[in-house]
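# Reading the structure
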Amino acid sequence: MVALAVSLITLSELNYAPEALEPYISAETIHYHHDKHHAAYVNKLNELIKDTRYENMPLEEIIRESDGAIFNNAAQVWNHTFYFDQLSPKPQKEPSGKLLDAINTTFGNVDAMKARMNSAAAALFGSGWVWLAADRDNKLYIISKPKAGTPLTEGLTPLIAIDVWEHAYYIDYRNDRAKELTVVLTQEDMPAEGMHTMPLYYCCMTPYDAKFTGLHILFDKENVPNTIGEYVSKLGLRQLRIA
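Given the structure is predicted, the values throughout are model-derived calculations rather than measurements.

Let us now look at the environment of Glu-55. Relative to the helices and strands, Glu-55 is located in the loop between helix 1 (27-49) and helix 2 (59-65). Taking the C-alpha atoms as reference points, Glu-55 and Leu-8, separated by 47 residues in sequence, lie 7.7 Å from one another. Among the polar contacts made by the side chain of Glu-55, one reaches the main-chain amide nitrogen of Asp-51 at a distance of 3.3 Å.

Now the structure itself:
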């Protein structure tokens, strides 16, 4: 009898140096957030799913099929993988194409969308996530999720993630979430390549390739990605950029 190989969930590598996002996110924050907190979710998830029906499932399937501790750790692994992958020291100014059209239709403009997301992040009680997400009809939603919540459980495609857990910002901004959400909005010295109207460690979007049309704005209905790796590779670009 041939034993099946076990597929361990692995910690995603950063696409940039830990200090590359300074002064908005310090290398120390990246170290603790990615190398400690994110890694802890990965290790705990592998421990929890060992010798269970989840052991060889793709991460997204674990999220959709599980609850309790397995769900919490699986969702946090996915959320953090998405979060770190969306950041970059070389931001684009605005989205374009169908995504920009959808933002303008839904919120009026990009600044209004960002303001809505900032308000949602400031209002979220305790720890959690605020997301910009799209449904199958290309409609956009800003949704707040406590704890490990993710749009994946609602059949939505995540486009932007705001991590509202204190470990994402406490080293740099302590417990002053309101200051952390507004300080960059009032800055005047903005580098030409950046978009500094997102809150500090949060992010703004690159243009999405116009060829990604149809389902979820990005993908055609015959070519929807099934895993986060597929999702990111189909974009061909980092999804979001640090302000």
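With that out of the way, let us pick up the packing of aromatic side chains. In this structure the tally under the stated criterion is 6 aromatic pairs. Taking 6.2 Å as the distance between ring centres and 75° as the angle between the ring planes, the aromatic pair formed by Tyr-83 and Trp-129 counts as edge-to-face. Here Tyr-83 is found in helix 3 (residues 68-85), whereas its partner Trp-129 is found in strand 1 (residues 128-134), with 46 residues between them in sequence. As far as burial versus exposure is concerned, Tyr-83 and Trp-129 are alike and both buried.

Here the focus is the packing of helix 1 against helix 3. Across the interface, helix 1 lies against helix 3 with an axial gap of 9 Å and an inter-helix angle of 145°. Like other packed secondary-structure pairs, helix 1 and helix 3 cross with a definite hand, here left-handed. Across from Ile-30, His-33, His-34, His-38, Tyr-41, Val-42, Lys-44, Leu-45, Leu-48 and Ile-49 in helix 1, the residues of helix 3 making contact are Ala-69, Ile-70, Asn-73, Ala-74, Gln-76, Val-77, His-80, Thr-81, Tyr-83 and Phe-84. The residue makeup of the contact of helix 1 with helix 3, split by class, is 12 nonpolar, 7 polar and 1 charged.

For the rest of this paragraph, the subject is the environment of Ala-27. Structurally, Ala-27 is set in helix 1. For Ala-27, a relative accessible area of 22% corresponds to the partly exposed category. The spatial distance from the C-alpha of Ala-27 to the C-alpha of Asp-172 is 9.9 Å, given a sequence separation of 145 residues. Excluding residues within four positions of it along the chain, Ala-27 makes contact with Pro-18, Glu-19 and Glu-22.

Time to look at the pattern of salt bridges. On inspection of all chains with the given rule, the structure shows 3 salt bridges. Between Asp-111 and Lys-114 there is a salt bridge, with the nearest N and O atoms lying 3.3 Å from each other. Taken together, the residues span about one helical turn, with Asp-111 and Lys-114 both in helix 5 (residues 110-123) at a distance of 3 residues. Between Lys-145 and Glu-154 there is a salt bridge, and its shortest N-O distance comes to 2.3 Å.

Time to look at the confidence of the model for the protein chain. Overall, the predicted model of the protein chain reaches an average pLDDT of 74, with 68% of residues at or above 70. Of all the helices and strands in the protein chain, strand 4 (residues 203-205) carries the lowest mean pLDDT, 31, while helix 1 carries the highest, 96. In this model, residues 1-5 is a region of pLDDT below 50 whose contacts with residues beyond four sequence positions or in other chains number 1 contact. Long-range and interchain partners of residues 231-243, a stretch whose pLDDT sits below 50, account for 71 contacts in this model, where long-range means more than four residues apart.

Within the secondary structure layout, Asn-79 lies in helix 3. When residues no more than four places from it in sequence are discounted, the contact partners of Asn-79 are Trp-129, Trp-131, Ala-148, Gly-149 and Thr-150.

Reading guide: rules and limits
Throughout this description, residue numbers start from 1 for each chain and increase along the sequence as written. Only residues with pLDDT of at least 70 get local features here, since the model is predicted, and only at 80 or more are side-chain atom pairs given and counted; chain-wide, interface and lining totals rely on the full set of residues. Note that the side-chain values use all heavy atoms of the structure and ignore hydrogens as well as water. Each helix corresponds to a stretch of at least 4 residues labelled H or I by DSSP, and each strand to a stretch of at least 2 residues labelled E; elements are numbered beginning at the N terminus. Think of a polar contact as two N or O atoms within 3.5 Å of one another; within protein, one of them needs to be a possible hydrogen donor and the other a possible acceptor, and neighboring residues in sequence only count if both atoms come from side chains. In this analysis, rings of Phe, Tyr and Trp, with Trp reduced to its six-membered ring, are considered paired at centre separations within 6.5 Å, and the interplanar angle assigns stacked below 30 degrees, edge-to-face beyond 60, and tilted for intermediate values. Buried, partly exposed and exposed residues are distinguished by accessible area as a fraction of the type maximum, computed with a 1.4 Å probe on protein chains only: under 20%, between the cut-offs, and over 50%, respectively. Axis angles are defined between N-to-C directions and span 0 to 180 degrees, where every axis is a line fitted to C-alpha atoms and, for a helix, only to the segment in contact. The crossing is said to be left-handed when, going from far helix to near helix, the turn is anticlockwise and less than a right angle, and right-handed when the turn is clockwise. Note on contacts: a residue pair is in contact if any heavy atoms of the two residues lie within 4.5 Å. Think of it as three bins: nonpolar holds Ala, Val, Leu, Ile, Met, Phe, Trp, Tyr, Cys and Pro, charged holds Asp, Glu, Lys and Arg, and polar takes everything else, Gly as well. Just to be clear on terms, a salt bridge is a Lys or Arg side-chain nitrogen sitting within 4 Å of an Asp or Glu carboxyl oxygen. Residue-level confidence of the predictor, termed pLDDT, takes values from 0 up to 100.

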